[in-house]
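# Descriptive structure summary
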Number of protein chains: 2
Amino acid sequence: MERLQLDFNNMMQGQIGPHGLTDGDLAAIAPRVLAAQRTFMEQRGQGMMGWTSLPYEQGAVVEEILAYAQDIRARGIRNFVVLGIGGSSLGPIAVHQALNHLHYNELPDEKRPGPRLYVEDNIDPERMRALMDIIDVRETVFNVISKSGNTSETTSQFLIIRHALKEALGQDYASHIVCTTSRDSGSLVKIARAEGFRLFAIPDGVGGRFSETCPVGLLPAAVCGIDIASLLAGAADMDKRCQQQDMHQNPAMMAAALSVLSMEKGMNISVMMPYADSLRYVADWYAQLWGESLGKLKDTRGNIVRAGQTPVKSLGVTDQHSQLQLYAEGPQDKVITFLAVGDYRTGMPIPKDGVGIESTDFLCGHSLEELIQAERKATAYALTRAGQMNMTITLPTLNAHTLGQLLYYFQVQTALTGFMLGVDPFDQPGVENSKNATYAMLGRAGYDDKRRELEQAPKAEEKYRI
Amino acid sequence: MERLQLDFNNMMQGQIGPHGLTDGDLAAIAPRVLAAQRTFMEQRGQGMMGWTSLPYEQGAVVEEILAYAQDIRARGIRNFVVLGIGGSSLGPIAVHQALNHLHYNELPDEKRPGPRLYVEDNIDPERMRALMDIIDVRETVFNVISKSGNTSETTSQFLIIRHALKEALGQDYASHIVCTTSRDSGSLVKIARAEGFRLFAIPDGVGGRFSETCPVGLLPAAVCGIDIASLLAGAADMDKRCQQQDMHQNPAMMAAALSVLSMEKGMNISVMMPYADSLRYVADWYAQLWGESLGKLKDTRGNIVRAGQTPVKSLGVTDQHSQLQLYAEGPQDKVITFLAVGDYRTGMPIPKDGVGIESTDFLCGHSLEELIQAERKATAYALTRAGQMNMTITLPTLNAHTLGQLLYYFQVQTALTGFMLGVDPFDQPGVENSKNATYAMLGRAGYDDKRRELEQAPKAEEKYRI
């Protein structure tokens, strides 16, 4: 079986010198990571840890999704548009980019295993207008995704689309909307029932950023022909590895230990650098998971801790020509995680016919896969010599199974790291103030107090504007 | 005239409390930023500051580029593909996204002002193969961009494309390649002359990350119908503002002062957060400019300083649902710069017909532009109340002129900040080791010493792999 591998040699003093970690550091933190792993084992499947059950309990859900996806294709639907944001969009985008053709939407219909896919995760009016310029709503199904059922951005998009569909299709509009939301709470489930939209449920114990392997992610993936059963099997395989109590056997435990050690040594930045265009949006998905789960003002006892490590998305080799200078020579304040693939899914030889100049022709007869692998190793080498912490996660090949392993691995690493830091990795209390201020500015009923607070805030001064 | 505005109220103690800056801080740093501005004035147009001349001295170049772009369209070319990386791709991508339709490549030919545009800034074999699946090289012009003329990634792509064009077109292949490179150095100019490719020159004093307003960026922009003269006029307008010696009148001086003050207070992260999909890749372009210019091991006197502030790309409102939790509650280690637009170029009303539920219907009758503006202000407000440093750059509207202002503003801010930190903002010595290690791994002649060095590096240990 093809399994994800974590190589953390370049976190250690033997490779990067005095700035690195030691076997003593690992031994010292072992009890803390073991305690976190025990919490993980005890709380599995409960509370906000329902995501640990997703690899095992979705046989019927998968059947239902596959049947619906088949139906979409049979109806001749040309576009499938996700309306969602954050936890409702980052997973679908990451999986789509990883497993579909890199110019999927630009392929002719007969070369695509499903409709074109668009994931609309912003409310920029120009973007919404641009989408309407290139799709015909009559040939389109819209997947409205919101765990809470009350996400303002998604609701706004939904209202616009519902209106456009009604104008174009009359009462048939309802067959062009499918909702993925909580079974019990929020407006969306009520609207869907009242108006007859197809519904898929997000389980209660699955928060947005842990939801890719529930219908949030499975439905758009299946519509595009991705093997969702294999994605779940990969997650299950990783879950088994993550149940081991020896940090030297359990990659998520080791990664959590390394993360906490690095944070305690002052590394407040975590760079995720895939060496594959297909994995570039896994870095975005990770950025939410890591940023929102660990970035907390208070620990679970109420102490002010201001925890968190800022995720940075990077892309190899592209960002070698943008960020490597900083990574190599700048402050020693970051950990760089390379995402490698063992074998790319296609080859691309560099022809043998050169131009007669050595600085060009030395590349002839090699291949892009040789070059990208050499550059990844050379970059890790250069950063290591520069004393910068880095590690490498390798997927032997990229497919639904190994991607399922990778996503689940990051989820467990994040949960364990949160437990070790003493914060709740499953809440996000810090976004409420901005939401409520938006409601107040829009004049929503019930937000008069917030409106008064805004009016009484210190006024901006003209001298601080240029 | 529509001018960029910088609002830095939320950097100051009056807004964010004790973590903020004071008028005393600004007064204390004024002499340093003035000295930097004097360096800028003295070195304008010389050495690696040739980019300050670009807004003024390119009348003939612009004419030549416009004529070439017209020729491309007249030939019925359907695709224009940039082969370039880093400073040769980030500018073209940013300007394309900012000023062209957000689904430009998916528009039918008759609705586009030029051919489809692809910017290929990676050597992933899967990506190259995917491109070949959707374009016909016989209908395509390839723009090979490399300042040095020796960039391995771009050279590899070039060799692959040259071979494919020769196979498809025989001797006509040369009319499908246009090179943008240094007039004097490197292989690319020699190849272009030997094989008869059209050539555009990158001036000597213009480094990659300062090159968007030379033919590197102007050519792809013009091919897509962008008003490049207006882009340059915007840069010229900003250049005039940046020649003022009063930091309270000169936004780049003030921004440099704020940057240095924030770094000295421990802010090692700079988040760039545009509230417009059109500006999202300006954040990527900025990330290179800021990261590569300031991330330096040594100052110009040779002292070890490990300067630099890590740029982070973010997108409003999207990343409110990913990163805001961390920004609001996490460590006070970052400065967040919002990029705002005063008026979006299209409206998108939210229909008045609701669903009969308050938590949905309160949005009815508003518009996406109202919502995105409210969310931006609410996010700035929430971060300010949380004591997190933030500032806002506003473009009254987004067009070629205001975009030209913005790009030039960042370039001057970066140069001034580099001067204040005592580093050379125009070099990138830290990328050589990785490049040379790549050459050694590929077996290039002349890199035997590096190969031996690689062989003698500490071996990775199996116990640090899981």
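This is a predicted model, so every value here is computed, not measured. (Residues numbered from 1 in each chain as written. Chains lettered and ligands numbered in written order. Predicted model: local features only at pLDDT ≥ 70, side-chain atom pairs only at ≥ 80, totals over all residues. Heavy atoms only, no water.)

## A closer look at the sheet that holds strand E5 (residues 177-182) of chain B
All names here are of chain B.
- Taken together, five strands build an open sheet; the order of strands is E3-E2-E4-E5-E6 and the sheet is parallel. What marks the edges here is a single partner per strand, and that holds for strand E3 (116-120) and strand E6 (198-202). The mean inter-strand angle of the sheet, taken between neighbouring strand axes irrespective of direction, is 20°.
- Note: strand E2 (residues 79-83) against E3, five bridges, orientation parallel. Looking across to E3, one finds that Val 81 is bridged to Tyr 118.
- Its contacts with the sheet place helix H7 (residues 187-195) against strand E4 (140-146), E5 and E6, and it is angled at close to 140° to E5. (Pairing = 2+ DSSP bridges. Helix = DSSP H or I, 4+ residues; strand = E, 2+ residues; numbered from the N terminus. Axes fitted to C-alpha atoms, helices over the stretch in contact; angles between N-to-C directions. Contact = heavy atoms within 4.5 Å.)

## Considering the side chain of Lys450(A)
- Of note, Lys450(A) is situated in helix H17 (residues 448-456).
- Those residues in contact with Lys450(A), other than ones at most four positions away along the chain, are Asn433(A), Asn436(A), Ala437(A), Ala440(A) and Tyr381(B).

## Quick notes on the interface of chain B and chain A
- The interface of chain B with chain A comprises 157 residues on the first partner and 158 residues on the second.
- Both faces combined, the contact of chain B with chain A buries some 13400 Å², and carbon together with sulfur accounts for 58% of it.
- The interface formed by chain B and chain A includes twelve salt bridges.
- Between Glu126(A) and Arg345(B) there is a salt bridge; the shortest N-O distance is 2.8 Å.
- In this assembly, chain B and chain A are joined by 78 residue pairs in polar contact (both at pLDDT 80 or more).
- Residue contributions to the side of chain B that touches chain A peak at 13 residues, all from helix H14 (residues 368-385) of chain B.
- Split into classes, the residues belonging to the side of chain B that touches chain A amount to 67 nonpolar, 50 polar and 40 charged. (Buried area = accessible area lost by both parts, 1.4 Å probe. Salt bridge = Lys/Arg side-chain N within 4 Å of Asp/Glu carboxyl O. Polar contact = N/O pair within 3.5 Å; in protein donor to acceptor, adjacent residues only side chain to side chain. Nonpolar A, V, L, I, M, F, W, Y, C, P; charged D, E, K, R; others polar.)

## Observations regarding the packing of aromatic side chains
- Scanning the entire structure with this criterion turns up 34 aromatic pairs over all chains.
- A connected cluster of aromatic rings, assembled from ring pairs, spans Phe40(A), Trp51(A), Phe210(A), Tyr408(A), Phe419(A) and Phe426(A).
- Lying across the ring of Tyr439(A), Arg444(A) places its NZ or CZ 4.6 Å from the centre.
- A cation over a ring is seen here: Arg112(B) above Tyr104(B), with NZ or CZ 5.8 Å from the ring centre. (Phe/Tyr/Trp six-rings, centres within 6.5 Å; stacked < 30°, edge-to-face > 60°. Lys NZ or Arg CZ within 6 Å of the ring centre and 35° of its normal.)

## Brief notes about the sheet that holds strand E3 (residues 116-120) of chain A
All names here are of chain A.
- Reading across from one edge, E3-E2-E4-E5-E6 is the order of the five strands in this open sheet, with parallel pairing throughout. Unpaired on one side and paired on the other, E3 and strand E6 (198-202) mark the two borders of the sheet. Geometrically, the sheet is characterised by an average inter-axis angle of 20° between neighbouring strands, direction not taken into account.
- Bridge count for strand E5 (residues 177-182) against E6 is five bridges, and the pairing is parallel. Within E6, the position partnered with Val 178 by the bridge is Arg 198.
- Against the sheet, helix H6 (residues 152-169) contacts strand E2 (79-83), E3, strand E4 (140-146) and E5, and its axis sits at roughly 155° relative to E4.

## Focus: the pairing of E3(A)
All names here are of chain A.
- Counting buried residues along E3, five of its five residues qualify, which places the element largely inside the surrounding structure.
- Burial along E3 is two-sided: Arg 116, Tyr 118 and Glu 120 facing one way and Leu 117 and Val 119 facing the other are all buried.
- Each parallel crossover has a hand, and the one from E2 via helix H4 (residues 90-99) to E3 is right-handed. (Buried < 20%, exposed > 50% of the residue type's maximum accessible area, 1.4 Å probe, protein only. Right-handed = clockwise from strand over helix to strand, strands pointing away.)

## A look at the pattern of salt bridges
- The full count for this structure, using the stated rule, is 52 salt bridges over all chains.
- With a shortest N-O distance of 3.4 Å, Arg280(B) and Asp277(B) are connected by a salt bridge.
- The class for Arg280(B) is partly exposed, based on a relative accessible area of 26%.
- One network of salt bridges, with partners in common, ties together Glu120(A), Asp121(A), Arg127(A), Asp277(B) and Arg280(B).

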